[in-house]
Amino acid sequence: MADMSKLTIREIHSKPAFEKDDDGSVADQHPAWRPGVARDITTGFSTAASALTTGQLVKDEFFTLFEAVGALEIMDPKMDSGHLRSGETLEDDYDVLRELLPEEVIGIMDQLLCFEMAWHAGHPLSQSLFTSLYLDRLLWPEPKMLEEARFDRSKVPKPENKMLHLVLRAYCLSLVKTCDFVHQRISKEHYYEEEDFVSNLYHRNLLTQFDVVEIHHMINEALNYVSKLTNISITLRDALVVRLELRSYFLSAVQFDEIIDDHRVPWWERCLRLIPALPKTTYLGMRVEASFSIKIQRRLASTVPPRPMVNMSFDEAFEQLTKLCQNGKDAYRILDYRGGANLMRFIWAYQSRTPQPSVYIRCLMQAMVFSEMRVLGMMSFKELILDNLREIVMPADVLLDSSNFDVEAPQDPRFHVAKRMDDFMATAADRFLDIFRTLCMNRSRLRRILCHLVLEWDNLQFDAENFDTELRKYSNEAPLKDANSSEDLWAFPLSSWAYYHKLQQMEWIVQMGFELDVYQIDELGGMYWYLQYLISTRIQHLERIRTFTTRRLTRISESTLEEKAAFRRSFSFLDFAILEASATLSFADGLSCLFSFFAHLRLVPAPYHDRPYSTPEFRYNLRMRPFISISLPEVPSYQQFAALISLRMPDKNGTYGSKVKPAQSEINQQASQMLELAEQSLKAARREWEAVSKANAETARCQGCEDWWRTSVKNVMRACINANIVVSTAKKALANAGTGDARDVLKVEMVESAKGYHPWWIVPKISAK
Amino acid sequence: MDNTKATEYLELLLNKKLRVHTNDRRMFIGDFKCTDNECNVILSQSYEYRPPTESAIKAATEACHDPGATVKLDMTSRFLGLIVVPGQHITKIEVEDP
């Protein structure tokens, strides 16, 4: 044994000497440290500092006090993760090398799984997986070879204690490698740092440089060892086997490569088959709390104050993992391409389920939609836009003929068509892609980004008009005559396409507003009115497109089979879009009337009292802000809006704006008229949604996502039926009230969007008193 | 030292790499950005260095078979970024010569 008294610890004085240990274990040499001579200036510095006047700062001219506020204060226990309280030691007493019982290994594995899922759910590694002393030992100092990533590090491995050195090590290494793949996948796509996910690795490396094959090899070795164990019970052995196998499958499922096809699906399926075995054996595990420590944060590169360990229960983690695997498997269904409208429907249906798929899955979906310049790994983005144009506005149009793009002779008109189409698609590409990307964001961001995106589409629509005018001479388009003004009407197919997408995004913004509980109760009636206003604009637009497409069809003297099929496809899209839009319109109209009715009778809390600096007009303008700079459709002025929705809000005296308070009988009569309107619309909505639900998957553009879409439609129908019941209850109660105050007989209770049948359709609860 | 001289002296040190030692045996190396009359020091791009722990020393001593040898160990370090070291905890300040 070495003589302790002769031990010297190197401190960096005038001659710093960081040298490698004899055994080679050297701490990471950070870039901040440079060998060089340091001069002691303690006295000079402190004398100079004390000669400064109070409040005087000596600072770098580019360094602002604003920045200074963000500095971590050393020795402040709340800020300084490296601060030790008196008597506290830097390291834990836990001996990583101690013998482990199989029960403890299971316990540690399950605890690690909980932390892994917590990381997936958006917690930082420093508060989850990186609290494990076992992982810490494997990852720090950074192993140069996989062989170095061992618990015993410098020591000669002992042949015994295989539970630790073979089984737990294989488990930990594959866990870390899995995290590496997950981290790489997420980092490559769009997500929100600290909102969806914390990507910080604290200067640790997640075994990125090591081949996954080596890790698989290790798991197999461990599996081999465990399955031959005879000195432990079969249940224990099976529990270990299941956990190791799951790691191996999970690792394969998330493996990061650039190949976009469904060859990873079987791995997700295998995970799903194994998962149910986990909770059955988790009781066998013995938790080893001491092997997790928050003290490791002291050694992690960190610009944030110390934070507590995250606690996720095993049940929660198990549920997370199940959803992750299920969603992972389902995500690949997107690869079966059935047109742009279907693709959009798929992502909506997939992402709208609650809870929304986790950030890893959302990034996986983004990668599938577009990566390596390919859409779904099979087509170019140009092909996707062309196909979407054909589906919505220009079936079998000469302008979109693929052969145009092969013409090289400049005198050929097709050459010019192709050039202009290419220019248009270059303008549209990013914005079109942004729609798909945006749908993969978290729900609040989705709405927020749409508010920006819709402005881009407004510009695109404008640009597209120029392309349309230019292209007209190549397509031999003959204008329609307007019946009234005998003006020429042109199809404007490209800008029609852009307008269609823009209108749809505007509707989404309003509907997401309902889902995210953005609107106050007293605003709901108005917002449902605005929604139906947008939809009726879209229906008119769809009908306009249909008129021009029909006309083009009649001008083709003898259409080929392909042309016929193309037109059929487009008509089926337009007709179903009109049907679905009408159903939405009726429901929105019905709810708008219903909320007006409630407001009229003062059955829902409304801003009757004056709010300082707030008028109904201000509030309306605020709500319309995302749309105010959009050229078409114009946002109605507040006066128009207030008149149109017949939302005559009673003021605080209940006088409805006039000097004399109207008789209760009059109020009730007006209310029952509104209720009548609500009833008509909601009955129509019910019929129309019924028709929507009967469409086949191809027509409804829900192939690949039929189950989710049908569930969603069913929920809309349930919400609609519920609204109908509310109306009839209100009707009866109002009849009973006669000329009395309706508030004496009716009670309305608001329901949060998430607790209703469908988050986009807020139907309050109503009961007769 | 009068105020002008003191200010001048400190200004010359700005953006130099300082090694600030604290009374808990830690050392911080970073770019000197700001100080005041209480000797509070702000360092940017800083790293924390800490002497090896008892257990690390013990492990190293055990690993060393020659009883008379001097054991060398590295200080452990990590990145911290922008920090302020309060003057009351500072035991020593050094400047690295380029």
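Residues numbered from 1 in each chain as written. Chains lettered and ligands numbered in written order. Predicted model: local features only at pLDDT ≥ 70, side-chain atom pairs only at ≥ 80, totals over all residues. Heavy atoms only, no water.

A separate point is the overall build of chain B. Within chain B, the secondary structure is distributed over two helices and five strands. Scanning chain B from its N terminus toward the C terminus, one meets helices and strands in the order α-β-β-β-α-β-β. Its C-alpha atoms give chain B a radius of gyration of 17 Å, clearly above 13 Å, the size a compact globule of 98 residues would have. Counting only C-alpha atoms, chain B reaches 60 × 25 × 25 Å along its principal axes. Among the 98 residues that make up chain B, the fraction classed as buried is 62%. Partitioning the intrachain contacts of chain B with sequence separation of at least 6 by distance along the chain shows that 53% fall at a separation of at least 24. Summed over all atoms, the accessible surface of chain B reaches about 4,000 Å², with 52% contributed by carbon and sulfur. Across chain B, the centroid of the 12 positively charged side chains sits 3 Å from that of the 15 negatively charged ones. (Helix = DSSP H or I, 4+ residues; strand = E, 2+ residues; numbered from the N terminus. Rg over C-alpha atoms; globule rule 2.2 N^0.38 Å. Buried < 20%, exposed > 50% of the residue type's maximum accessible area, 1.4 Å probe, protein only. Contact = heavy atoms within 4.5 Å. Areas by Shrake-Rupley, 256 points an atom, 1.4 Å probe, with all protein chains shown as cover. Lys, Arg positive; Asp, Glu negative; His and termini not counted. Charge placed at Lys NZ, Arg CZ, Asp CG, Glu CD.)

On to the pairing of strand 3 (residues 41-50) of chain B, then. Residues and elements named next belong to chain B. Counted residue by residue, strand 3 has nine buried out of ten residues, so it is predominantly covered. Sheet topology places strand 2 (residues 27-35) next to strand 3; seven bridges connect them, and they run antiparallel. Each residue of the ladder has a partner; that of C34, found in strand 3, is I42. Connecting strand 2 to the antiparallel partner strand 3 that follows it, the hairpin turn spans five residues, and C39 within it adopts a positive phi of roughly 70 degrees. Relative to strand 4 (residues 76-85), strand 3 is paired through eight bridges, and the arrangement is antiparallel. Bridge pairing in strand 4 links L43 to I83. (Pairing = 2+ DSSP bridges.)

A word on helix 1 (residues 3-13) of chain B. Buried within helix 1 of chain B we find A6, T7, L10 and L13 of chain B. Mapping the buried residues of helix 1 of chain B onto a view down its axis gives an arc of 120 degrees, with all of them on the same face. Exposed and facing more than 90 degrees away from the buried side of helix 1 of chain B are T4, K5, E8 and L12 of chain B. Its buried side turned inward, helix 1 of chain B meets helix 1 (42-50) and strand 2 (58-59) of chain A together with strand 2 and strand 5 (90-96) of chain B. (Arc of directions from axis to C-beta.)

With respect to the helices, strands and loops of the structure, R298 of chain A is situated in the loop between helix 9 (277-281) and helix 10 (314-331). Among the polar contacts listed, one links the side chain of R298 of chain A to the backbone oxygen of S81 of chain A, at a separation of 2.7 Å. Excluding residues within four positions of it along the chain, R298 of chain A makes contact with S81, G82, H83, L84, E88, T89 and L90 of chain A together with E48, R50 and R78 of chain B. (Polar contact = N/O pair within 3.5 Å; in protein donor to acceptor, adjacent residues only side chain to side chain.)

Turning our eyes to something else, we now look at the pattern of salt bridges. On inspection of all chains with the given rule, the structure shows 49 salt bridges over all chains. The residue D97 of chain B makes a salt bridge to R39 of chain A at a minimum N-O spacing of 3.5 Å. Highlighted residues: D97 of chain B in the segment after strand 5 and R39 of chain A in strand 1 (residues 38-40), drawn from two different chains. The exposure class of D97 of chain B is partly exposed, given its relative accessible area of 29%. With relative accessibility at 42%, the residue R39 of chain A sits in the partly exposed group. (Salt bridge = Lys/Arg side-chain N within 4 Å of Asp/Glu carboxyl O.)

Right, let's get into the packing of helix 13 (residues 381-392) of chain A against helix 14 (residues 413-439) of chain A. Residue and element names in this part refer to chain A. Contact pair helix 13 / helix 14: the axes reach a minimum separation of 9 Å and the direction vectors enclose 90 degrees. If you check the angle between helix 13 and helix 14, you find them roughly perpendicular. Between helix 13 and helix 14, the contacting residues are F381, K382, L384, I385, L386, N388 and L389 on the first element and M421, D422, F424, M425, A428, A429, F432, L433 and F436 on the second. The residue makeup of the contact of helix 13 with helix 14, split by class, is 13 nonpolar, one polar and two charged. (Axes fitted to C-alpha atoms, helices over the stretch in contact; angles between N-to-C directions. Parallel < 35°, antiparallel > 145°, perpendicular 65-115°, else oblique. Nonpolar A, V, L, I, M, F, W, Y, C, P; charged D, E, K, R; others polar.)

Here we take up the domain arrangement of chain A. In terms of domain boundaries, chain A breaks down into domain 1 (102-314) and domain 2 (519-769). Of note, the centres of domain 1 of chain A and domain 2 of chain A, computed from C-alpha atoms alone, are 50 Å apart. (Domains from an automatic or database assignment.)

Looking now at the interface of chain B and chain A. The interface is formed by 71 residues belonging to chain B together with 72 residues belonging to chain A. For the pairing of chain B and chain A, the buried interface totals around 6,500 Å² over both sides, and the portion due to carbon and sulfur atoms is 60%. Considering only the side of chain B, the residues that lose the most area to chain A are N37, D74 and R78 of chain B, jointly responsible for 11% of the buried surface there. Along the contact surface separating chain B from chain A lie three salt bridges. Among the salt bridges present, the one from R26 of chain B reaches D80 of chain A, with a minimum N-O distance of 2.6 Å. Where chain B packs against chain A, one counts 21 residue pairs in polar contact (both at pLDDT 80 or more). Of all the secondary-structure elements, those providing two or more residues to the side of chain B that touches chain A are helix 1, strand 1 (17-22), strand 2, strand 3, helix 2 (54-63), strand 4 and strand 5 of chain B. Residues of the side of chain B that touches chain A, tallied by class, amount to 35 nonpolar, 17 polar and 19 charged. Here two bridges tie strand 3 (residues 72-73) of chain A to strand 4 of chain B, and the two strands are oriented parallel to one another. Note on strand 4 of chain B: the bridge partner recorded for L72 of chain A is I83 of chain B. (Buried area = accessible area lost by both parts, 1.4 Å probe.)

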